[in-house]
Amino acid sequence: AQTVTQSQPEMSVQEAETVTLSCTYDTSENNYYLFWYKQPPSRQMILVIRQEAYKQQNATENRFSVNFQKAAKSFSLKISDSQLGDTAMYFCAWENNNDMRFGAGTRLTVKP
Amino acid sequence: DSGVTQTPKHLITATGQRVTLRCSPRSGDLSVYWYQQSLDQGLQFLIQYYNGEERAKGNILERFSAQQFPDLHSELNLSSLELGDSALYFCASSVDPPGGSRETQYFGPGTRLLVL
């Protein structure tokens, strides 16, 4: 069965610093997609970044980048120059053929 | 704003009742997904519709059902409600062109259901 594990229930970072959120997954599939979603206090789920498993190049979206290690089944999210608005729950997700699985989430607090 | 709308935002009802949650996908999106986010179960996929037809089923209870209408909006029906059904219900949509690459799901703001 496909599972997604986020081993850090809570993290904090100082404003303007860099933080990395961990995610590992277990799958026997070769082609799949990985996502990071952000859920701020408003509870809206917002897509942060997406990675196709067949692409070796790590995805980047402004201050957000991933370190995708397919062999290790690892998909970490790096947030650079952290801002107060980055405070939220972050969910890692795996998807293949309409089967989408989410991790339990990491609560990130950015401190001023 | 993702472009996905959900109504109502909040819903309070009693055990044994039936409710309907509504979702309008982003313009041009053919797929609609329903998710349940509860404190103890996390975020779980319930069901997907594509262009009016059911495409995939997740952990959806038999008391729950959904449909997608010709205008592509979708409704999730929850019946014989129990206390444990209290949760945040998300709808998401994506393009999903036939035979094309898997597209990203964009989530609506959610409907918060409280069963008393």
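Before any of the text, the structure's been laid out above.
Residues numbered from 1 in each chain as written. Chains lettered and ligands numbered in written order. Predicted model: local features only at pLDDT ≥ 70, side-chain atom pairs only at ≥ 80, totals over all residues. Heavy atoms only, no water.

Novice: What exactly am I supposed to notice about the sheet that holds strand β7 (residues 64-68) of chain B here?
Specialist: Within a sheet, each strand pairs with its neighbour through backbone hydrogen bonds, oriented either parallel or antiparallel. Residues and elements named next belong to chain B. The strand order across the open sheet built from four strands is β1-β3-β8-β7, with neighbouring strands paired in antiparallel fashion. This sheet does not close on itself; its edge strands, each paired only once, are β1 (5-7) and β7. Strand-to-strand twist in this sheet, taken as the mean axis angle between neighbours without regard to direction, amounts to 15 degrees. Where β1 lies against strand β3 (residues 19-24), three bridges are found, and the strand directions are antiparallel. Pairing of Thr5 across the sheet is with Ser24, part of β3. (Pairing = 2+ DSSP bridges. Helix = DSSP H or I, 4+ residues; strand = E, 2+ residues; numbered from the N terminus. Axes fitted to C-alpha atoms, helices over the stretch in contact; angles between N-to-C directions.)

Novice: How do you make sense of the interface of chain A and chain B when you look at a structure like this?
Specialist: The parts lose accessible area when they come together, and the size of an interface is often stated as this lost area. The interface of chain A with chain B comprises 14 residues on the first partner and 22 residues on the second. Across the chain A/chain B interface, buried area totals approximately 1,600 Å², and carbon plus sulfur atoms make up 51% of it. On inspection of chain A and its partner chain B, the count reaches zero salt bridges. At the junction of chain A and chain B, the tally comes to four residue pairs in polar contact (both at pLDDT 80 or more). When residues in the side of chain A that touches chain B are grouped by element, the largest group, four residues, is from strand β5 (residues 33-39) of chain A. The class makeup of the residues in the side of chain A that touches chain B is eight nonpolar, three polar and three charged. (Contact = heavy atoms within 4.5 Å. Buried area = accessible area lost by both parts, 1.4 Å probe. Salt bridge = Lys/Arg side-chain N within 4 Å of Asp/Glu carboxyl O. Polar contact = N/O pair within 3.5 Å; in protein donor to acceptor, adjacent residues only side chain to side chain. Nonpolar A, V, L, I, M, F, W, Y, C, P; charged D, E, K, R; others polar.)

Novice: Is there a simple way to explain the packing of aromatic side chains in this structure?
Specialist: Ring pairs (aromatic) are described by centroid distance and by the angle formed between their planes. In total, this model carries 13 aromatic pairs over all chains according to the counting rule given. Residues Phe35(A) and Tyr37(A) carry aromatic rings whose centres are separated by 6.0 Å and whose planes lie at 35 degrees to one another, so their mutual orientation is tilted. An identical accessibility class is assigned to Phe35(A) and Tyr37(A); each is buried. With a centroid separation of 6.3 Å and an interplanar angle of 20 degrees, the aromatic rings of Trp36(A) and Phe75(A) are classed as stacked. Residue Trp36(A) is located in strand β5, and its partner Phe75(A) is located in strand β9 (residues 74-79); the two are separated by 39 residues in the primary sequence. Judged by its relative accessible area of 0%, Trp36(A) is buried. By relative accessible area, which is 0% here, Phe75(A) ends up buried. Cluster of aromatic residues (ring-pair linked, three or more members): Phe35(A), Tyr37(A), Phe102(A), Tyr35(B), Phe45(B), Phe90(B) and Phe107(B). Sitting above the plane of the Tyr50(B) ring, Arg55(B) keeps its charged end 4.0 Å from the centroid. (Phe/Tyr/Trp six-rings, centres within 6.5 Å; stacked < 30°, edge-to-face > 60°. Buried < 20%, exposed > 50% of the residue type's maximum accessible area, 1.4 Å probe, protein only. Lys NZ or Arg CZ within 6 Å of the ring centre and 35° of its normal.)

Novice: Just checking my understanding: could you explain the nonpolar core for this structure?
Specialist: Generally speaking, nonpolar side chains in soluble globular proteins are found buried as a group. Tyr25(A), Trp36(A), Phe75(A), Leu77(A) and Tyr90(A) are the most contacted members of the largest nonpolar core, which has 25 residues in total. Of all elements in the fold, only β3 (19-21), β5, β6 (46-52), β8 (64-69), β9, β10 (88-96) and β12 (106-111) of chain A reach the threshold of two or more residues within this core. Sort the elements by how many residues they give to this core and β10(A) lands first, with four residues. Apart from the residues lying within four places of it in its own chain, the contact partners of Tyr25(A) are Thr3(A), Val4(A), Tyr32(A), Leu34(A), Phe68(A), Gln69(A), Lys70(A), Lys73(A), Ser74(A), Phe75(A) and Trp94(A). Ranked by size, the runner-up nonpolar core spans 20 residues in total, among them Leu21(B), Ile60(B), Leu81(B) and Cys91(B). (Core = buried A, V, L, I, M, F, W, Y, C linked by side-chain atoms within 4.5 Å.)

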